[in-house]
Protein chains: 2
Amino acid sequence: MNYSRQRELILKTVKENKIHPTAQDIYELVKEKSPNISLGTVYRDLNFLAEAGIIRKIDIGDKQIHFDGDISEHCHFVCLDCGKIHDIERKDYCHDENKNLIAKGFIPLRKDVIIYGQCPVCNKKEREN
Amino acid sequence: MNYSRQRELILKTVKENKIHPTAQDIYELVKEKSPNISLGTVYRDLNFLAEAGIIRKIDIGDKQIHFDGDISEHCHFVCLDCGKIHDIERKDYCHDENKNLIAKGFIPLRKDVIIYGQCPVCNKKEREN
DNA sequence: TCACAAAATAGTAATCATTACTAATTATTT
DNA sequence: AAATAATTAGTAATGATTACTATTTTGTGA
Ligand SMILES: [Mn+2]
Ligand SMILES: [Mn+2]
Ligand SMILES: [Zn+2]
Ligand SMILES: [Zn+2]
């Protein structure tokens, strides 16, 4: 790793944190070890790391972007009461009717599935070039 | 319906629009028929209608909230090239490995599944009261 | 029909997460 | 070591969204 001390620290902090922290969260944690780090650096490095695919951005619609050091395939359960973001395994949300989820005590009320990729039109366009 | 003329118009505009418009989009469309409507009113009424469950908010992580007049169960495919938001039926994303999606020419690259509800801890707490 | 209360609106100001900018610092290459 | 590139701290700007306020519209009941 030829990352700067700050970037290294930000990455370590995200990887170790299990609560899906926001940029502000990371900023406050990192400040303990690097007191004069800039919030701008935290945002820049988090975006850099997400762009590189080393961490993951998650948008739960609460105005702040959350970050996840776990880039394995999984989805998230947001509790509308306490706000906690729980990790959910593929087998627990892919089965019909959320049976597994309910068996574990979760009460799913709303599910937002957003798939990103290339639509048929853009894919055709690309293949023509 | 005992909605105001503005609210009625906003609702109609969202229902008729198939491209998942933003508040700004709605504002510009509605202004054609009601030239001195306020952007604040558009935001207020869109939130009111979403809260009432008559329309749906969708957050695709592009900073702006999109609205959907179709509240039936379906999910969204966001093209990373053209940005278009496509409607996807349940059967097309629930099957393993996105077979149906690929058969239709979509290239799924990333899937964000966010489930909202009540976590086991909060559910237990509620049942105890 | 009129008075009064409640709801909704237009217009604007404030908020706040995020991004952009700049000058200074640090790392890398020649 | 000098030149070049990358990164940073600190701060300013951005922009979608929300909050506020005075005014207008709607509803209701005497
Ligand atoms: Mn996670
Ligand atoms: Mn839709
Ligand atoms: Zn909870
Ligand atoms: Zn496309």
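Trainee: What should I look at first to understand the coordination of the manganese ion (ligand 2) in this one?
Mentor: Tetrahedral metal sites with four donors have an ideal angle of 109.5 degrees; octahedral sites with six donors have ideal angles of 90 or 180 degrees. Residues and elements named next belong to chain B. Protein-derived coordination of the manganese ion (ligand 2) comes from H20 (NE2), D68 (OD), H74 (NE2), H76 (NE2) and D87 (OD), at a distance range of 2.0 to 2.3 Å. Each donor residue of the manganese ion (ligand 2) belongs to the same chain, and together they define the spacing H-x47-D-x5-H-x1-H-x10-D. Here the residue D68 occupies a position in strand β2 (residues 65-68), and D87 occupies one in strand β4 (residues 85-88), the gap between them amounting to 19 residues. Judged by relative accessible area, D68 falls into the buried class, the value being 4%.

Trainee: When you look at the pattern of salt bridges in this model, what are you seeing that I'm missing?
Mentor: Where charged atoms of side chains with opposite charge meet at close range, the side chains can pair. All names here are of chain A. In total, this model carries 12 salt bridges over all chains according to the counting rule given. Salt-bridge contacts for K104 lead to E89; the nearest nitrogen and oxygen are separated by 3.9 Å. One end of the pair, K104, is in the loop between α5 (99-103) and β5 (107-118); the other, E89, is in strand β4 (residues 85-89), with 15 residues separating them in the sequence. Given the relative accessible area of 42%, K104 is considered partly exposed. Residue classification places E89 among the partly exposed residues on the basis of a relative accessible area of 42%. Here D92 and K104 are joined by a salt bridge, their closest N and O atoms 2.7 Å apart. Here the residue D92 occupies a position in helix α4 (residues 90-94), and K104 occupies one in the loop between α5 and β5, the gap between them amounting to 12 residues. For D92, a relative accessible area of 3% corresponds to the buried category. Overlapping salt bridges, with partners in common, bring together E89, D92 and K104 in one network.

Trainee: What's the story with the nonpolar core in this structure? I'm lost.
Mentor: It is characteristic of soluble globular proteins that their nonpolar side chains tend to be buried jointly. Grouped together as the largest cluster of nonpolar side chains are 24 residues, with contacts concentrated most on A:I88, A:Y93, A:I115, B:I88, B:Y93 and B:I115. Where this core is concerned, the elements lending two or more residues are β3 (74-79), α4 and β5 of chain A together with β3 (75-79), α4 (90-94) and β5 (107-118) of chain B. Leave out the neighbours within four places in its chain, and B:I88 touches B:H74, B:C75, B:H76, B:F77, B:Y93, B:L101 and B:F106.

Trainee: Got a minute to help me understand the interface of chain A and chain B in this structure?
Mentor: Taken together, the contacts link 39 residues of chain A with 39 residues of chain B. Roughly 3,900 Å² of surface becomes buried between chain A and chain B when both sides are summed, with 57% attributable to carbon and sulfur atoms. Applying the counting criterion to the chain A and chain B interface returns 0 salt bridges. Linking chain A with chain B are 20 residue pairs in polar contact (both at pLDDT 80 or more). If you list the elements that add at least two residues to the side of chain A that touches chain B, you get β3, α4, β5 and α6 (120-128) of chain A. Looking at the side of chain A that touches chain B, the element that brings in the most residues is β5(A), giving 12 residues. Here the side of chain A that touches chain B is built from residues that sort into 22 nonpolar, 7 polar and 10 charged.

Parameters and conventions
- Residues numbered from 1 in each chain as written.
- Chains lettered and ligands numbered in written order.
- Predicted model: local features only at pLDDT ≥ 70, side-chain atom pairs only at ≥ 80, totals over all residues.
- Heavy atoms only, no water.
- Donors = N, O, S within 2.8 Å, 3.2 Å for Na, K, Ca; no water.
- Helix = DSSP H or I, 4+ residues; strand = E, 2+ residues; numbered from the N terminus.
- Buried < 20%, exposed > 50% of the residue type's maximum accessible area, 1.4 Å probe, protein only.
- Salt bridge = Lys/Arg side-chain N within 4 Å of Asp/Glu carboxyl O.
- Core = buried A, V, L, I, M, F, W, Y, C linked by side-chain atoms within 4.5 Å.
- Contact = heavy atoms within 4.5 Å.
- Buried area = accessible area lost by both parts, 1.4 Å probe.
- Polar contact = N/O pair within 3.5 Å; in protein donor to acceptor, adjacent residues only side chain to side chain.
- Nonpolar A, V, L, I, M, F, W, Y, C, P; charged D, E, K, R; others polar.

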